[in-house]
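So the chains spell out like this:
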Amino acid sequence: MVGPLSAWPWENLGIYKYLLYGPLLGKVLYTRTQEGSFKDDWCLHILIICIARAVLHQLWNSFVNMLFLTRTRRISRRGYDFKQIDKEWDWDNFILLQALIASISCYIYPPFIENVPLWNTKGFITILTLHVGISEPLYYWVHRCFHKGYLFTQYHSTHHSSPVLHPYTGANATFLEHLALSTVIGIPIIGSHMMGYGSRSMIYGYPLVFDFLRCLGHSNVEVVPLQLFETLPFLRYLLYTPTYHSLHHTDMGTNFCLFMPLFDAIWKTRNNKSWELHKKLSSDAGKDRRTIPDFVFLAHVVDVSSSMHAPFVIRSFASLPYQMRLFLLVGWPSAFIVMLMMWVWSKAFLVSFYNLRGRLHETWSVPRFGFQYFLPFAKEGINKHIEQAILRADRLGVKVISLAALNKNEALNGGGTLFVNKHPNLRVRVVHGNTLTAAVILNEIPEDVKEVFLTGATSKLGRAIALYLSQRRVRVLMLTSSTERFEKIQKEAPLEYQSYFVQVTKYQAARSCKTWIVGKWITPREQSWAPTGTHFHQFVVPPIFSFRRDCTYGDLAAMRLPDDVQGLGNCEYTMDRGVVHACHAGGVVHLLEGWTHHEVGALDVDRIDVVWNAALKHGLKPVSNSTKQNSM
């Protein structure tokens, strides 16, 4: 059974819950049009405070997820998985609740926010006194009550169900709990006003400071400097730390305070490890005692819009497959400026991580965007960034580093051969993952297909696909204007299979072929030559436009990670949850198999089946509906 007032009244409204702000916005617009001014409109003040509180939480979210800044200060080393993100999706319910409560209060008593000064020193002292004297002890005892029996199982257990603390975790609680918390917040504000000491700075400032400290305690990042407590020891009893509150979530019988450990000390519920753990974490924060990853996927940014898909921008957005949304246009100018800054100052940085079978897997990103890879003058700089990332991984003791998409471009660095040849003593294995990419594409092609049309055949991936298909006695129409390159690939096949290669120079030649394998970007006009019912398999970045409604389009080659993956909470570009690009999966298989060779340069066609079977053995799964579930 669900406890009374545990569910939110608007939880079934989804995104339409924001329509509840409509009356406030309508009142503001009405006042503006009728009176020509926003002056002393309490509805406007409430809306501004709500926006400020949402922005404050978003900034904390961005900071916490900037792993390149916070990785050495994290308290729990676990990642935020999709389950936790979904559970905390509606973290902002409390802002809407308190906006409605404030609206009712101001409607009943309009002078509450009208004709009050901007600042009142006595008001500051009063609100501080009420907070320490009433709100802190009241919250302490209410909190302790919510940790007992029925109240915990039906209400407070929701808050404690998040395995890793996050600023949104502080807001993740039931309706009843937030009613109680609203009372705790409201007492100092209403009390100071009733005493005649109200001020706008306190009406704005107190909720924001309250939220800031709540986010601080739930941030999972220790940012309170140790020197502060060493210089002023009494502050240990006046201000909690992220470490202090994290202990409450691991030892729920201790550290119940709101913000002041003084009350835990008074009622003897302070965790004895609080100061020692804070000292240890603070001391280690300045040192590079990182957890060494076993595997690194070296990615890059696709474009300016997709750069806003990073976990440190909007966490909920990053947990879904990327797609362009209109609201992102607002952030486009800022993202463009960040791109320019990255171009000048940045180096490869940590974006996300997950754990698989006791091994840490990280995604690093080269600070370059897709279009920059096609600028001739940028080639040297990009290779320098990739090389530095490989050498850093080698120094750290990383076992495998897999190159994503354009980072392994043949024209850029020969599919990674540039770095392996330049540094022959690398301990880290450099992998382009294209062998598994080829295997995924080949397994999508039905066994009864007798003819395919292939663009991008002269690339290392296209070459391997062509050679493999010829050995399956599939006729391969290779689009290339270079007879020399065509003959070179043809001669690589055994003599008995060479007749299955057919050179074509125009798209019209494939108008009877219903299986197109696209390794070179094609325009809608070029797609128009495909017959009705054609399926477009592709290994081109960016993916081609889905122009033909009478045809079907495959996704980029990808595989689903094993079910026992932990701490995975963001989607890889347009991939579904838990799905990664095949080149990423290829590096994972390389690690799990313990292979000691580099996988760079040309593909070994004889290893396609070996890599595919190894991927299936370790629990990686194909995601295409047309993919056969068994090996070839």
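Residue indices begin from 1 for each chain and proceed along its sequence in written order. Side-chain atom pairs in this predicted model are given and counted only at pLDDT of 80 or more, local residue features only at pLDDT of at least 70, and totals for whole chains, interfaces and linings cover all residues. Derived side-chain values reflect all non-hydrogen atoms in the structure, with water molecules and hydrogen atoms excluded from consideration.

Notes on the overall build of the protein chain
Moving on, step 1. Each helix and strand counted, the protein chain has 24 helices and 14 strands in total.
Moving on, step 2. Relative to its full complement of 632 residues, the protein chain shows a buried share of 54%.
Moving on, step 3. Partitioning the contacts of the protein chain with sequence separation of at least 6, the portion at a separation of at least 24 is 70%.
Moving on, step 4. His is not counted, nor are the chain ends; Lys and Arg add positive charge and Asp and Glu add negative charge. In this description, the location of a charge corresponds to atom NZ of lysine, CZ of arginine, CG of aspartate or CD of glutamate. Counting 63 positive and 47 negative side-chain charges, the protein chain places the averaged centre of each group 3 Å from the other. Note on conventions: DSSP H or I runs of at least 4 residues are helices, E runs of at least 2 residues are strands, and numbering of each starts at the N terminus. Working definition: with a 1.4 Å probe on protein chains only, accessible area under 20% of the residue-type maximum means buried, over 50% means exposed, and in between means partly exposed. Whether two residues are in contact is decided by their heavy atoms, any of which lying within 4.5 Å being enough.

Describing the sheet that holds strand 11 (residues 552-556)
Moving on, step 1. A pair of strands is treated as paired once DSSP finds two or more bridges between them. If you trace the 6 strands from one edge of the open sheet to the other, you get 8-7-6-9-10-11, paired in parallel fashion. This sheet does not close on itself; its edge strands, each paired only once, are strand 8 (501-504) and strand 11. When strand polarity is set aside, the average angle formed by the axes of neighbouring strands in this sheet is 20°.
Moving on, step 2. Bridge analysis of strand 6 (residues 451-455) against strand 9 (residues 515-518) gives 3 bridges, and the strand direction is parallel. When the bridges of strand 9 are listed, T455 appears paired with V518.
Moving on, step 3. The strands touched by helix 20 (residues 460-471) are strand 6, strand 7 (475-479), strand 8 and strand 9; relative to strand 7, the strand with the most contacts, the crossing angle is about 155°. Only C-alpha atoms enter the line fits that serve as axes; for helices the fit covers just the stretch in contact. Angles between N-to-C directions range over 0 to 180 degrees.

Details of the confidence of the model for the protein chain
Moving on, step 1. Scored from 0 to 100, pLDDT records how confident the predictor is in each individual residue. Summing up the model confidence of the protein chain, the mean pLDDT is 93 and the portion of residues at 70 or higher is 96%.
Moving on, step 2. When the criterion is pLDDT under 50, residues 625-632 qualifies, and its contacts beyond four places in sequence or with other chains add up to 28 contacts.

A word on the UniProt feature "domain: Very-long-chain aldehyde decarbonylase CER1-like C-terminal" (unreviewed entry) in the protein chain
Moving on, step 1. Following the UniProt record, the feature "domain: Very-long-chain aldehyde decarbonylase CER1-like C-terminal" (unreviewed entry) maps to residues 452-622 here.
Moving on, step 2. Between the C-alpha atoms that bound residues 452-622 the distance is 21 Å, and the span itself is 28% helix and 20% strand. UniProt positions are given in the numbering used here, feature names are shortened, and annotations may be inferred rather than shown by experiment.

A closer look at helix 16 (residues 379-396)
Moving on, step 1. Residue count minus one, scaled by 1.5 Å, sets the expected span of a helix. Taking 1.5 Å per residue as the helical rise, helix 16 with its 18 residues ought to reach 26 Å, and the 26 Å between its terminal C-alpha atoms agrees with that figure.
Moving on, step 2. Along helix 16, the residues that are buried comprise I382, N383, H385, I386, E387, A389, I390, R392, A393 and D394.
Moving on, step 3. Looking at the buried side of helix 16, the elements it contacts are strand 1 (295-301), strand 3 (359-369), strand 4 (400-403), helix 17 (410-413), helix 18 (417-422) and strand 5 (429-431).
Moving on, step 4. Positive backbone phi, approximately 100°, marks G397, located one or two places after helix 16.

Structural notes on the side chain of K460
Moving on, step 1. Within the element layout of this structure, K460 appears in helix 20.
Moving on, step 2. K460 gets classed as buried once you look at its relative accessible area, which sits at 10%.
Moving on, step 3. We define a polar contact as two N or O atoms separated by no more than 3.5 Å, with the added condition that, inside protein, one atom must be a possible hydrogen donor and the other a possible acceptor, whereas residues neighbouring each other in sequence contribute only through side-chain atom pairs. There is a polar contact of 3.2 Å between the side chain of K460 and the side chain of E410.
Moving on, step 4. The residues contacting K460, other than those within four sequence positions of it, are K408, E410, G415, H432, N434, G601, A602 and L603.

Description of the packing of helix 6 (residues 121-145) against helix 9 (residues 200-217)
Moving on, step 1. At their nearest, the axes of helix 6 and helix 9 sit 12 Å apart, and the two run at 40° to each other. Between helix 6 and helix 9, the angle is such that the two are oblique. Read as a crossing pair, helix 6 and helix 9 show a hand that is right-handed. Of the residues in helix 9, those touching helix 6 at F124, I127, H131, S135 and Y139 are M202, Y206 and R214.
Moving on, step 2. When the residues that make up the contact of helix 6 with helix 9 are grouped by side-chain class, the tally is 5 nonpolar, 2 polar and 1 charged. An angle counts as roughly parallel when it lies under 35 degrees, as roughly antiparallel when it exceeds 145, as roughly perpendicular when it falls between 65 and 115, and as oblique in every other case. Rotating anticlockwise by less than a right angle from the far helix to the near helix defines a left-handed crossing, while the corresponding clockwise rotation defines a right-handed one. When residue character is reported, Ala, Val, Leu, Ile, Met, Phe, Trp, Tyr, Cys and Pro are called nonpolar, Asp, Glu, Lys and Arg charged, and the others, Gly included, polar.

Here we look at the nonpolar core
Inside soluble globular proteins, nonpolar side chains tend to come together where they are buried.
Moving on, step 1. Grouping buried Ala, Val, Leu, Ile, Met, Phe, Trp, Tyr and Cys residues that are joined through side-chain atoms within 4.5 Å yields what is termed a nonpolar core. One finds L436, I465, L469 and I517 to be the most contacted residues of the largest nonpolar core, which totals 59 residues.
Moving on, step 2. Excluding residues within four positions of it along the chain, I517 makes contact with I441, I445, V452, F453, L454, T455, I465, L469, H537 and F539.
Moving on, step 3. Core analysis: the second largest hydrophobic core is formed by 30 residues, L56, I127, I185 and L213 among them.

So, the environment of Y322
Moving on, step 1. Relative to the assigned elements, Y322 resides in the loop between helix 14 (315-318) and helix 15 (332-345).
Moving on, step 2. For Y322, a relative accessible area of 11% translates into the label buried.
Moving on, step 3. It is 24 Å that separates the C-alpha atoms of Y322 and I401, two residues lying 79 residues apart in sequence.
Moving on, step 4. With residues near it in sequence (within four places) discarded, Y322 still touches D303, S305, S306, H309, F317, Y573 and T574.

Some remarks on the pairing of strand 7
Moving on, step 1. For strand 7, the tally of buried residues reaches 4 of 5 residues, placing the bulk of the element in the interior.
Moving on, step 2. Here strand 6 runs beside strand 7; their pairing, made up of 4 bridges, is parallel. Across the sheet, E451 pairs through a bridge with R475, a residue of strand 7.

Focus: the pairing of strand 4
Moving on, step 1. Neither face of strand 4 is left uncovered, since the one carrying V400 and S402 and the one carrying I401 and L403 both have all their residues buried.
Moving on, step 2. Pairing geometry for strand 1 and strand 4, over 4 bridges, is parallel. Its bridge partner being in strand 4, F297 is matched across the sheet by S402.
Moving on, step 3. The pairing of strand 4 with strand 5 spans 3 bridges and is classified as parallel. Residue pairing for strand 5: I401 is matched across the bridge by V430.

Some remarks on helix 15
Moving on, step 1. Here helix 15 spans 20 Å end to end across 14 residues, near enough to the 20 Å set by a 1.5 Å rise per residue.
Moving on, step 2. Burial in helix 15 covers these residues: A335, M339 and M342. Relative to the axis of helix 15, the buried residues are bounded by an arc of 65° and lie together on one face. Turned more than 90 degrees from where helix 15 packs its buried face, V344 and W345 sit exposed.
Moving on, step 3. Tucked into the core, helix 15 has its buried residues touching strand 2 (349-356) and strand 3. The directions considered for the arc run from the helix axis to the C-beta atoms.

Here we look at the environment of F175
Moving on, step 1. Turning to its location among the elements, F175 is positioned in helix 8 (residues 175-194).
Moving on, step 2. Put simply, F175 and L5 are 170 residues apart on the chain and 5.7 Å apart in space, counted from C-alpha to C-alpha.
Moving on, step 3. With sequence-adjacent residues up to four places away left out, F175 is seen in contact with L5, S6, A7, W8, P9 and L97.

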